[in-house]
Amino acid sequence: MVERCFVTKDLDEALRIRKETGAHPLAGGSDLMVQYKQGIGITPVFPWPVMVISGIEELKGIRKLDDGRIEIGALETPSAIAASDLVPWHVRQAASRMGAVALRNTATIGGNIGNASPKGDLPQPLILLDAVVVLRSADSVREVLLDDFIRGSKKTDLHEDELITAIRITEVPYSYAYYRKVGTRRANAISKLSISSLVLIEDGIIKDFRASSGAAGPKVIRSHEVEDLLKGHAVDEVPSLIPAITEGWDKAISPHAMPAYRRGTTARALEHFLSAVATLPPGPVIE
Ligand SMILES: Cc1cc2nc3c(=O)[nH]c(=O)nc-3n(C[C@H](O)[C@H](O)[C@H](O)COP(=O)(O)OP(=O)(O)OC[C@H]3O[C@@H](n4cnc5c(N)ncnc54)[C@H](O)[C@@H]3O)c2cc1C
């Protein structure tokens, strides 16, 4: 049973319905249908009106914008994102490890962000890359840094009349890239933790270092303070800086469940990546 259900294939109509009724968007439904189910095989009961948005073409597509940024429509699925050469490497890695095939074909990036679970896989690499979320209402459009948009566990800055329409990513150059998701099994496992990192080296000097952790706090963690510990140093100084970085990162994260496991595994992942930076030729580092 649903209080009221709207179905629309038109973005303007969707924005008008949202403004007039406050209906909650339902995209792939893989979070909402589970969160509000009443029992096995029984239709979920939503406490508010729902609007099915999965048919809105304007929310689909992956494209390069005139300003060089990559735009991913809010309805794009993990399968499409993982298969697109336009999408940055870290985001493709995360998309390719979400759920199992059926989920990767139905879940959406807009739903993953809208759900704002600290265990959601896509916000983590997107925040590493300083991605922005595009939010539209019938009267306005705004771009917000995803790291600011997600305020905490299940909390976002989405206004009652807005929809997420797209995510925009500026290509970030790197010499080394790392992505790791730790789950109980390869398919259909929610993250126990995930971590992305990148290092850019120019003339033997670390020009950029970034890291982001998922499932290690109420939202994705980044620490500019820790990132600054590596920037400006020569590559051959990296091994001696690893302890300070893993210690700094340990202070930045705040895992709630299984903290010892999550802290230890996060430290080992960072150590593994940074050791590769010090010893291996440039490229993606896969565990
Ligand atoms: C078996 C199973 C396995 C899973 N495995 C993973 C996994 O490995 N990794 C992972 O990250 N997640 C996983 N999930 C969770 C879920 O599939 C993802 O969060 C998914 O991306 C949600 O997308 P959706 O389109 O289905 O969201 P929906 O359920 O449709 O919506 C989720 C939330 O986002 C809001 N929303 C949706 N679209 C918009 C929009 N355009 N604008 C504003 N708000 C919007 C909705 O109102 C709702 O609050 C799993 C779920 C299941 C059932």
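Please refer to the structure placed before this passage.
Since the structure is predicted, the reported quantities are computational estimates derived from the model, not experimental observations.

Student: I keep staring at the packing of aromatic side chains and nothing clicks. Help me out?
Tutor: Two aromatic rings, taken as a pair, are described by how far apart their centres are and by the angle between their planes. If you walk through the whole model with that rule in mind, you get 4 aromatic pairs. Look at tyrosine 36 and tryptophan 48: their rings are 5.1 Å apart centre to centre, the planes differ by 70°, and that puts the pair in the edge-to-face class. A residue pair is termed long-range when its members are at least 10 positions apart, and tyrosine 36 in the loop between α2 (32–35) and β3 (50–52) and tryptophan 48 in the loop between α2 and β3 qualify at 12 residues. Given a relative accessible area of 25%, tyrosine 36 falls into the partly exposed group. Look at tryptophan 48 and you get buried, because its relative accessible area is 17%. For the ring pair tyrosine 178 and phenylalanine 273, a centre distance of 5.4 Å and an interplane angle of 20° mean the geometry is stacked. Of this pair, tyrosine 178 sits in strand β11 (residues 176–182) while phenylalanine 273 sits in helix α11 (residues 259–279); the two residues are 95 residues apart in sequence, bridging distant segments of the chain. Phenylalanine 273 carries the same exposure label as tyrosine 178, and that label is buried. Linked through ring pairs, Tyr36, Phe46 and Trp48 together constitute an aromatic cluster.

Student: Hey, could you run me through the site of the ligand in this one?
Tutor: Close to the ligand lie 30 residues; Pro25, Gly28, Ser30, Asp31 and Thr108 are nearest. At a separation of 2.8 Å, an oxygen atom of the ligand approaches a polar backbone atom of glycine 29. One nitrogen or oxygen atom from the main chain of glycine 111 is found 3.5 Å from an oxygen atom belonging to the ligand. Taken by itself the ligand offers 980 Å² of open surface, and the protein chains cover 88% of this. Listed by contribution, the elements that provide at least two residues to the shell around the ligand are β2 (24–26), α2, α6 (109–115) and β10 (163–169). Per element, the largest residue contribution to the shell around the ligand is 5 residues, and it comes from α6.

Student: Would you explain the sheet that holds strand β7 (residues 141–145) in this entry?
Tutor: The pairing of strands in a sheet comes from backbone hydrogen bonds and takes either a parallel or an antiparallel form. Strands sit in the order β4-β5-β10-β6-β7 across an open sheet of 5 strands; the sheet is antiparallel. On the outer flanks of this sheet lie β4 (62–64) and β7, each paired with one strand and no other. Neighbour-to-neighbour, the strand axes of the sheet open up by a mean angle of 25°, direction not taken into account. Relative to strand β5 (residues 70–73), β4 runs antiparallel, the two being bridged by 3 bridges. Looking across to β5, one finds that lysine 64 is bridged to isoleucine 70. In this fold helix α1 (residues 11–21) packs onto β6 (132–136) and β10, with an angle of close to 125° to the strand it touches most, β10.

Student: What should I look at first to understand the pattern of salt bridges in this one?
Tutor: Pairs can form between side chains of opposite charge once their charged atoms are near each other. Per the stated rule, a full pass over the model turns up 21 salt bridges. The residue glutamate 71 makes a salt bridge to arginine 63 at a minimum N-O spacing of 2.3 Å. For glutamate 227, the salt bridge identified is with arginine 222, shortest N-O distance 3.0 Å. Each of Arg63, Asp67, Arg69, Glu71, Glu143 and Arg168 takes part in one network of salt bridges that share partners.

Student: Mind showing me how you'd approach the packing of helix α10 (residues 238–252) against α11 here?
Tutor: Where α10 meets α11, the closest approach of the two axes is 10 Å, and the angle between their N-to-C directions is 155°. Here α11 runs roughly antiparallel to α10, going by the angle between their axes. In the packing of α10 onto α11, the handedness of the crossing is right-handed. Residue-level contacts link Val238, Pro239, Ile242, Ile245, Thr246, Trp249 and Asp250 of α10 to Arg263, Thr266, Ala267, Leu270, Glu271, Leu274, Ser275 and Ala278 of α11. Partitioning the contact of α10 with α11 into residue classes produces 9 nonpolar, 3 polar and 3 charged.

Basis of the calculations
Residues numbered from 1 in each chain as written. Predicted model: local features only at pLDDT ≥ 70, side-chain atom pairs only at ≥ 80, totals over all residues. Heavy atoms only, no water. Phe/Tyr/Trp six-rings, centres within 6.5 Å; stacked < 30°, edge-to-face > 60°. Helix = DSSP H or I, 4+ residues; strand = E, 2+ residues; numbered from the N terminus. Buried < 20%, exposed > 50% of the residue type's maximum accessible area, 1.4 Å probe, protein only. Near = heavy atom within 4 Å. Polar contact = N/O pair within 3.5 Å; in protein donor to acceptor, adjacent residues only side chain to side chain. Areas by Shrake-Rupley, 256 points an atom, 1.4 Å probe, with all protein chains shown as cover. Pairing = 2+ DSSP bridges. Axes fitted to C-alpha atoms, helices over the stretch in contact; angles between N-to-C directions. Contact = heavy atoms within 4.5 Å. Salt bridge = Lys/Arg side-chain N within 4 Å of Asp/Glu carboxyl O. Parallel < 35°, antiparallel > 145°, perpendicular 65-115°, else oblique. Left-handed = near helix turned anticlockwise from the far one by under 90°. Nonpolar A, V, L, I, M, F, W, Y, C, P; charged D, E, K, R; others polar.

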